[in-house]
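# Report on the structure
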Amino acid sequence: MFDKNAIHLGIAPIGWTNDDMPELGGDIPFEQCISEMALAGFTGTEIGNKYPKEVDKLKKALQLRGLSIASAWFSAYLTTNPYEETQEAFIQHRDFLHAMGSKVIVVSEQGKSIQGEMDTPLFENKPKFSDQEWHVLADGLNRLGELANEKGMKLVFHHHMGTGVQTTEEIDRLMDMTEEYLVYLLFDTGHLYFSGDDPLYILNKYLSRIKHVHLKDVRDDVAELVKREKLSFLQAVKEGVFTVPGDGSYNFQPVFEILSQSTYKGWLLVEAEQNPEKANPLEHALIARRYLREEAGI
């Protein structure tokens, strides 16, 4: 059983409004999004593009609904741009999250990424880093991790489809090349399962370094369509490859068992980018919340 004092349940706004494809949910107001999160029974959220940029304004809107900020996505370009550019943006991002009370900073390396390219086949054109790029990435992440530590925060790296750190081999390499007290891991069930990797291998191997969890389900039939038709990541999202836990093909029970028996403390955050016209956000938030209650006891 999970220690309910150690675990917080959140949900990402990407099921309401997609930051990469504003046409998905672009008409849904910020206030509706966070109100429905609270109505579904969640206590936290990550930050989306529609969220207020002013700390006081955002805090008030969230506090009225009993919500807090778990984290927010940060795009690093360590492999393609000068380190100083990423550092400057990271410090601004860190300071905003710190002011909002977040303990972790979600970082994804977007150098050479194809996740935002509408017509680039996801599996056929997956980027790969050279040995030099791996060293630049690891060094840059260590330095960003030090900046996170300055504020008592943790950098959690987000392995992601369509990037240079997607597969088990790539996650292993990154974890091996970075300092364990500077660079931690975000564990995302959906991205590992969709990639064809074993989420439980990563969970067991890096349990002590996992400081943030995204619970994302996958529809197997859509995943097969993506591979067969050579679709892009964004096309896969539009087709509905992702959904909330309990509505797809992945069995979360072993994940819940491992996490509940560990010393993990932090957020379990439901994340499922979908087209809100096809998958009603409130309905799917309720599906996820009920599933967590029934299957994880939280």
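Anything mentioned here points back to the structure above.
Read on for an overview of the structure. This one's a predicted model, so the numbers in the text were calculated from it and none came from an experiment. (Residues numbered from 1 in each chain as written. Predicted model: local features only at pLDDT ≥ 70, side-chain atom pairs only at ≥ 80, totals over all residues. Heavy atoms only, no water.)

## Topic: empty space enclosed by the protein
The full count for this structure, using the stated rule, is two cavities of 30 Å³ or more. The volume enclosed by the largest cavity comes to roughly 90 Å³. In terms of lining residues, the largest cavity is bounded by 13 residues, among which G15, V244, A272, Q274 and H284 are the most central. Element by element, the count of residues in the lining of the largest cavity is highest for helix 11 (residues 281-296), at three residues. (1 Å grid on protein atoms, 1.4 Å probe; cavity = no way out; pocket = protein on both sides within 12 Å on 5 of 7 lines; lining within 4 Å. Points joined across faces, edges and corners; volume = space filled by probe spheres on them. Helix = DSSP H or I, 4+ residues; strand = E, 2+ residues; numbered from the N terminus.)

## Overview of the sheet that holds strand 2 (residues 44-46)
Taken in spatial order, the nine strands of this open sheet run 3-2-1-11-8-7-6-5-4, and their pairing is parallel. This sheet does not close on itself; its edge strands, each paired only once, are strand 3 (68-71) and strand 4 (73-76). Across this sheet, the average inter-strand angle for adjacent strands is 35°, counted without regard to direction. As paired elements, strand 6 (residues 154-158) and strand 7 (residues 183-188) share four bridges and run parallel to each other. Its bridge partner being in strand 7, V156 is matched across the sheet by Y184. (Pairing = 2+ DSSP bridges. Axes fitted to C-alpha atoms, helices over the stretch in contact; angles between N-to-C directions.)

That is the geometry; function is a separate question.
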